[in-house]
Amino acid sequence: MSPKPLSITSHDIAREAGVSQSTVSRALRGDPRVDPETAARIVRVADRRGYMPNATARSLVTRRTRTIAVVVADIKNPFYPELVEALHEALGRSGYRMVLVNERTDTRGQAGLADLYRGGGADGALFVSVTIERRVAALVTQSPVPSVLLNRDVDGADVDRVMSDNAGGAAQVAEHLHGLGHRRVAFIAGPANTSTSRDREAGLGGALAQRGAPLDPALRRVGEFTHRSGYQWATDLLDRPDRPTAIFCANDVVAFGALDAARNLGIDVPGAVSIAGFDDVPMASWGAFALTTVRQPLTDMARDAVRVLIDRVEGRADSERQRLVFPTHLVQRTTTGPPPDGARS
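Here we summarise the structure given alongside this text. (Residues numbered from 1 in each chain as written. Predicted model: local features only at pLDDT ≥ 70, side-chain atom pairs only at ≥ 80, totals over all residues. Heavy atoms only, no water.)

1. Quick look at the sheet that holds strand β2 (residues 97-102)
Definition in use: We treat two strands as partners when DSSP finds at least two bridges between them. By definition, any uninterrupted DSSP run of H or I lasting at least four residues is a helix, any uninterrupted run of E lasting at least two residues is a strand, and each is numbered from the N terminus. Angles shown run from 0 to 180 degrees and are taken between the N-to-C directions of axes, each axis being a line fitted to C-alpha atoms and, for helices, limited to the stretch in contact.
Across the sheet, which stays open at both edges, the six strands sit in the order β2-β1-β3-β4-β5-β11 with parallel pairing between neighbours. Bordering the open sheet on either side are β2 and β11 (323-326), each of which pairs with just one other strand. Looking at each pair of strands side by side, their axes are set apart by 20 degrees on average, direction ignored. Here six bridges tie strand β1 (residues 67-72) to β2, and the two strands are oriented parallel to one another. Within β2, the position partnered with V72 by the bridge is N102.

Rendered as structure tokens:
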């Protein structure tokens, strides 16, 4: 019988690479403080020797799993896969794994989320699509597991927040449309229990009111963040005898539905009606849409959300909660233009 091969340890890798064992640990978890050439040398040695860090043993020592739960409820929206990918990359660079949790509205989903917290399955959680009044607020506030709200706000939750300037972005849309000459601007909102829709409506309405063209309640519709909702409510708005000359949609998916509604009705965009969205998902730049929209800096938001959370997990953060708000950028494409002649009043 051949002898059992000896296990390769991080001390073996450190000896061969000519560095300390702690440097090996930092390099293999992607710590940016390690010199790139040193890190590359350590990785080459580890690969050649077939070394793989024992995550189970490490967690017993550190009491950490080096796993972060990313909690989403609307993964079908193309905005969220892009954000989740940015989070995955940022977590990987910090030496953490990601587990995706579907935060549902039913009790089973809430129970599963509570089990995740109680069971020690994750060192922290990033919430990216929760609603305002859910029991999540109590859960994240009472749990010892650090949490960060990303792209959402939850009333009463004592946690760190990282978001874009939703109100400011919507105000940019209002300024753009008003500057083109639009005075009858409609708004198709998302769910009333989402902070993003609430803040975007506030930004739009406030900016229009400042310019003497307040949002007409008769031109406001509340729906879901879905193509179907955008199609339904845009059809309703465009079928009015006094239809709006511009429609601002609470996100890009709603705006895609509104564009399809206009085309189905034979209404020219932007000649007869302008349509704008929010998020600048990848499809917004496609020629079939060429949507005027508001861009959020997702990579920067994901990076800082991960940094804030890991500082909490690793005990580097102070007691004061952070609220980071990132500026947005209006992206003008071909779905907005001046209103039809005679429609500026």
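2. Thoughts on the sheet that holds strand β7 (residues 220-222)
Cut-off, in case you're wondering: By definition, residues are in contact when any of their heavy atoms lie within 4.5 Å.
Taking strand neighbours across the sheet as the criterion, the four strands line up as β7-β6-β8-β9 in an open arrangement whose pairing is parallel. The open sheet has two free edges, formed respectively by β7 and β9 (274-276), since each of these has just one partner strand. Going from strand to strand, the sheet's axes swing by 15 degrees on average, the running direction of each strand aside. Here helix α10 (residues 227-238) sits on the sheet in contact with β6 (185-189), β7 and β8 (246-249), set at roughly 155 degrees to β6.

3. Considering the nonpolar core
Our working rule: Joining through side-chain atoms within 4.5 Å is the link that ties buried Ala, Val, Leu, Ile, Met, Phe, Trp, Tyr and Cys residues into a set, and such a set is a nonpolar core. Note on exposure labels: buried denotes an accessible area under 20% of the residue type's maximum, exposed denotes more than 50%, and partly exposed covers the range between, all computed with a 1.4 Å probe on protein chains only.
Core analysis: the biggest nonpolar cluster contains 70 residues, and L87, L126, I247 and I275 have the highest contact counts within it. Among the elements that take part in this core, helix α12 (residues 298-313) stands out by supplying nine residues, more than any other. Beyond its immediate stretch of four places on either side in the chain, I275 contacts I247, C249, A255, A258, L259, A262, V269, L291, T292, T335 and T336. Judged by nonpolar contacts, the second largest core, of 11 residues, contains A14, V24, I42 and A46.

4. Examining the packing of aromatic side chains
This is how the line gets drawn: For Phe, Tyr and Trp, where Trp contributes only its six-membered ring, two rings pair if their centres lie within 6.5 Å, and the inter-plane angle classes them as stacked under 30 degrees, edge-to-face over 60, or tilted in between. Definition used: whenever NZ (Lys) or CZ (Arg) falls within 6 Å of the ring centre and also within 35 degrees of the ring normal, the charge is taken to sit over that ring.
Evaluated as defined, the whole model comprises three aromatic pairs. Here F79 and Y80 contribute two aromatic rings whose centre-to-centre distance is 5.0 Å and whose plane-to-plane angle is 85 degrees, an arrangement assigned as edge-to-face. F79 sits in the buried class, given a relative accessible area of 1%. Accessibility expressed as a relative area gives 4% for Y80, which makes it buried. For the ring pair F187 and F248, a centre distance of 5.6 Å and an interplane angle of 35 degrees mean the geometry is tilted. In this pair, F187 is assigned in strand β6 and F248 in strand β8, connecting sequence segments 61 residues apart. Judged by its relative accessible area of 0%, F187 is buried. The exposure class of F248 is buried, given its relative accessible area of 0%. Directly above the ring of Y96 sits R66, whose terminal nitrogen or CZ lies 4.2 Å from the centroid. Against the face of F278 rests R200, its NZ or CZ located 3.8 Å from the ring centre.

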